[in-house]
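Observations on the model geometry
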Amino acid sequence: MMKRRLSIIGVVMFTALVACNSKNAEKSAQEPEAVIYHNGDILTMEGPTPVYAEALVEREGKIAFVGSAEEAKANFGSHAQWVDLDGKTLLPGFIDGHGHMYNTGLLSQAANVLSPPDGAGGSFDELVNAVKAWADSDDGKFLVGKMGWIIANGYDDSQLQEKQHPTKDVLDRISTEVPVVVIHQSGHLACVNTKALEVVGYSKATGEIEGGVMRRDSNGEPNGVLEEAAFFNALLPIIMEKTDAELQQKSVQRGQEQYAGYGYTTAQDGRSTADVTSAFEKAAAGNQFFIDVVAYPDLIWNKEAVTPDFYKPDRSYTNHYRIGGVKLTLDGSPQGKTAWLSKCYHVNPEGKEGCYTGYPILPDEKAIEYVTTAFENQWQILAHTNGDAAIDQLIKAVDAAQSTHGYPDHRTVMIHGQTLRKDQIPDLVRLEILPSLFPMHTFYWGDWHRESVLGEERAAYISPSRDVVDAGMTMTSHHDAPVTFPNSLRVLDATVNRVTRSGFILGPDQRLTPYEGLKSLTEWSAIQHFEEDSKGTLTEGKLADLVILNRNPLKVDPMKINEIKVLETIKEGKTVYKNENALGGWNTTKVEGDVKEALDYALGAVRPNAELREVLRAKKQVVRGLNYDLVFILENGETWNVTVYRDLDGNLSVTKKSKTPVPGGWSATEITPEVEEAVDFVLSRMNNASPLKEILSAERQVVKGMNYLVTFALENNSEWTARVHRDLDGSFTMLEQAKQRQ
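Residues numbered from 1 in each chain as written. Predicted model: local features only at pLDDT ≥ 70, side-chain atom pairs only at ≥ 80, totals over all residues. Heavy atoms only, no water.

As a further point, take the sheet that holds strand β6 (residues 94-95). Pairing within the open sheet is parallel, and its four strands lie in the order β6-β13-β14-β15. In the strand order of this sheet, the two ends are held by β6 and β15 (321-323), each with one partner. Sheet analysis places β6 next to strand β13 (residues 264-272), joined by two bridges and oriented parallel. Directly across from Ile95, in β13, lies its bridge partner Thr266. (Pairing = 2+ DSSP bridges. Helix = DSSP H or I, 4+ residues; strand = E, 2+ residues; numbered from the N terminus.)

Attention now moves to the pairing of strand β11 (residues 212-216). The buried fraction of β11 amounts to four of the five residues, a majority that puts the element mostly inside the structure. Across four bridges, the pairing between β11 and strand β12 (residues 222-228) is antiparallel. Looking across to β12, one finds that Gly212 is bridged to Glu228. Hairpin connection from β11 to β12: five residues lie between these consecutive antiparallel strands, with Gly220 at a positive phi of about 85°. (Buried < 20%, exposed > 50% of the residue type's maximum accessible area, 1.4 Å probe, protein only.)

With twelve residues, helix α22 (residues 673-684) should cover 16 Å at 1.5 Å per step; its first-to-last C-alpha distance of 16 Å lies within 8% of that length. Within α22, nine of the twelve residues are buried, which leaves the element mostly enclosed by the surrounding structure. Those residues of α22 that sit buried are Glu674, Val675, Glu676, Glu677, Ala678, Val679, Phe681, Val682 and Leu683. (Expected span 1.5 Å × (residues − 1).)

What follows concerns the confidence of the model for the protein chain. For the protein chain, the average pLDDT comes to 89, and 93% of its residues sit at 70 or higher. Contacts of residues 1-30 to residues separated by more than four positions or lying in other chains number 82 contacts, the stretch itself having pLDDT below 50. (pLDDT = per-residue confidence, 0-100. Contact = heavy atoms within 4.5 Å.)

What follows is about the side chain of Asp298. On the secondary structure map, Asp298 appears in the loop between β14 (292-297) and β15. Under the relative-accessibility criterion, Asp298 is labelled buried at 3%. With sequence-adjacent residues up to four places away left out, Asp298 is seen in contact with Arg271, Ser272, Lys303 and Lys327.

Take the packing of helix α18 (residues 488-497) against helix α19 (residues 514-521) next. At their nearest, the axes of α18 and α19 sit 9 Å apart, and the two run at 135° to each other. Between α18 and α19, the interaxial angle falls into the category oblique. Handedness of the crossing formed by α18 with α19: right-handed. Residues Ser488, Val491, Leu492, Thr495 and Val496 of α18 form the contact with α19, whose own contacting residues are Pro514, Gly517, Leu518 and Leu521. Counted by class, the contact of α18 with α19 contains six nonpolar, three polar and no charged residues. (Axes fitted to C-alpha atoms, helices over the stretch in contact; angles between N-to-C directions. Parallel < 35°, antiparallel > 145°, perpendicular 65-115°, else oblique. Left-handed = near helix turned anticlockwise from the far one by under 90°. Nonpolar A, V, L, I, M, F, W, Y, C, P; charged D, E, K, R; others polar.)

Strand pairing within a sheet occurs via backbone hydrogen bonds; the two strands may be parallel or antiparallel. The mixed open sheet is built from six strands, whose spatial order is β7-β8-β9-β10-β12-β11. With one partner strand each, in any of the chains shown, β7 (111-112) and β11 form the two edges of the open sheet. Where strand β8 (residues 150-155) lies against strand β9 (residues 180-184), five bridges are found, and the strand directions are parallel. Considered in β9, the bridge of Tyr155 is made with His184. Sheet strands touched by helix α8 (residues 229-242): β9, β10 (189-192), β11 and β12. Its angle to β12, the strand with the most contacts, is close to 95°.

Turning our eyes to something else, we now look at the pairing of strand β3 (residues 62-67). Within a regular strand, side chains alternate between the sheet's two faces. By the bridge criterion, five bridges tie strand β2 (residues 52-59) to β3 in an arrangement that is antiparallel. Pairing of Arg59 across the sheet is with Lys62, part of β3. Taking the residues between adjacent antiparallel strands as the criterion, β2 and β3 are bridged by two residues, where Glu60 takes a positive phi near 55°.

For the rest of this paragraph, the subject is the pattern of salt bridges. Scanning the model with the defined rule gives 41 salt bridges in all. Among the salt bridges present, the one from Arg411 reaches Asp409, with a minimum N-O distance of 3.0 Å. For Arg411, a relative accessible area of 14% gives the class buried. The class of Asp409 is partly exposed, set by a relative accessible area of 38%. (Salt bridge = Lys/Arg side-chain N within 4 Å of Asp/Glu carboxyl O.)

Following Ala481, the chain continues to Pro482 via a peptide bond in cis, the omega torsion being 10°. Structurally, the position occupied by Pro482 is in the loop between β20 (476-477) and α18. For Arg315, which is not glycine, the phi torsion reads 55° and is therefore positive. Within the secondary structure, Arg315 is located in the loop between β14 and β15. One non-glycine residue with positive phi stands out, namely Glu572, at about 50°.

Turning to the nonpolar core, a few remarks are in order. Membership of the largest hydrophobic core comes to 147 residues, with the highest contact counts inside it found for Ile151, Phe280, Phe289 and Tyr321. Ranked by residues supplied to this core, first place goes to helix α12 (residues 388-404) with eight residues. Beyond its immediate stretch of four places on either side in the chain, Tyr321 contacts Thr277, Phe280, Glu281, Ala284, Phe289, Val293, Ala295 and Phe310. Core analysis: the next-biggest nonpolar cluster, separate from the first, contains 22 residues, Val631, Ile633, Leu683 and Met706 among them. (Core = buried A, V, L, I, M, F, W, Y, C linked by side-chain atoms within 4.5 Å.)

What follows is about helix α21 (residues 594-606). Think of an α-helix as 3.6 residues a turn; residues three or four steps apart then line up on the same face. For α21, which comprises 13 residues, the first-to-last C-alpha distance of 19 Å matches the rise-based estimate of 18 Å (1.5 Å per residue) to within 8%. Val595, Ala598, Leu599, Ala602, Leu603 and Val606 are the residues of α21 that are buried. Buried residues of α21 fall within an arc of 140° about the axis and therefore sit on the same side. (Arc of directions from axis to C-beta.)

What the rule picks out here adds up to 14 aromatic pairs. Ring geometry for Phe65 versus Phe76: centroids 6.1 Å apart, planes at 45°, classification tilted. With Phe65 in strand β3 and Phe76 in helix α2 (residues 69-76), this pair connects stretches of sequence that are eleven residues apart. Exposure class is identical for Phe65 and Phe76. Each is buried. Taken together, Tyr102, Phe280, Phe289, Phe310 and Tyr321 form an aromatic cluster joined through their ring pairs. The side chain of Arg271 reaches across the aromatic face of Trp301, ending 5.1 Å from its centre. (Phe/Tyr/Trp six-rings, centres within 6.5 Å; stacked < 30°, edge-to-face > 60°. Lys NZ or Arg CZ within 6 Å of the ring centre and 35° of its normal.)

Pasting the structure below:
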């Protein structure tokens, strides 16, 4: 499915939003106005089976009433704003079982080399081209300027055409003068160019690295592929040193925007380094959080951040921020083949012979020491354990710590538990270790696990959700962003369906029901975070953390769950995200008032003394403030596309600017959301069209609006071309019907 751009809506809205729902002007100054949601599927998530209510009342950021519409009207209707759900679904806001909110925001600014459908990293050539293009973008110039490094995120050797990690020779094609790092999608490996190896001091003479591997070529020289500690120890200090307040603030903002866009009202930062907790403390002091963020500082590197200011016995927030405990990493990544297994990998990684089982990050005595420290201080601990040998180590460490320092309600969390064995589950139950599993692996790497990592039998049992739930355990399901996007509906889809990229159902006996899947994103996740008294269900007295979906996950074909859209995210009664329309949230607007002001600002930014000839397009997007997308022609013939941002204080800034093709001429263009919309329109006009396989190329021509020449392939392997016109209102018409290429 093609991704649609989303829009993030702020706490304080402009008059266009206020006008959407009329309010009672005569309300009493002493009585706060209530908001009544009705006429939809209001799914409370209370109890073992689905329970629906006719109405929900929000007042002063909390749920004031859940029940019949008649009672809501009788008790609150005189001073209420009525929100007609119009058949849509209202749920508790989603709570992040495990992810990395800050890095999600930080890496959203890096080059995206994820494999399709999330990015364009399908081969070495595509990866190199994507990074080069990013380096010339506004985000690229900003991040390279700050860091002095070219940074890309998300390559996946299992999905690359070459089925290999890109080495320094590949990345030297990006630059030989600037250090380049391309981070593996797992976050546990990275590849660097020759210049980067020089900067970090890795050479043939470098010895073995505890807890990591610097891969070498046949001559013993580093080949640019770094595993675990070889990556972290070399690169993270540089990132922390180069990060300034501006980059921190931008990362916190973008991370929240991504989470809110997928319906999360509580985000986790599951391995916070010192620079991250510093950024969070500044954000809390500046009141910059608009969703709740729970951080877990790295127990080895950053336990000093666990202070009484943010880690409180009552687990209360300071301006939407708190520390929830600590994070300990015990092994690596199964798809990257660094997870610590008890049995051999199905196919060894390059350079490994015999029975290769991955490796631990820590020896047993150190793991026990760190877990004991957490128990002694009564810190909740999240333990990264992908391999079953690492899970054995966690069980041993918790057993030892519990016997030494009784910690009655520790709620230790086993993060990932990908290769959890069935015989380990009773120990998890006995020690009250909560499983936060990663069923999204079934989609992203399920085929790779079958073919290369684990083989058929073990692959079918990854993230064994059904068995842990049937054992009476409270389980959460997560996305581990930025490993994947924080896509709540993709999380739910994988938890319920376990369908791989190729369409294979991996471990059908481990699927949960859609209701159980929703539990893992709401009530059960609230329990994991010690927040079941204030979040997780639509219950009177709890926070009004809500999400509105366009369809009910319990009433659609389960295989269609990943097509459901988040329409609105509401944090304590305030809208923090709203999907204005299905095509990405941009609305065509007239050039007047605030839009004219933004246009004048854009003109001053690109050519201060130039005369305006014509405005070709003006669009507005509601975010935490407003974005303006402006395309205009100057008298000198230049055509510009400028995005202007207006913050909540009314300040303007240019976030993106580029020259576009001169009107009348055709030029190649990237596969943008507008191109995807054009292809969607063409497909809607083709009779009995096979599903889309890939957009092969696109050209555009700036006219009064835009013409597109698109070439695409269908699943039946036929290739087609078509010409489409998009007018200034965003409507499409066919210029030339689709023709099959011979």
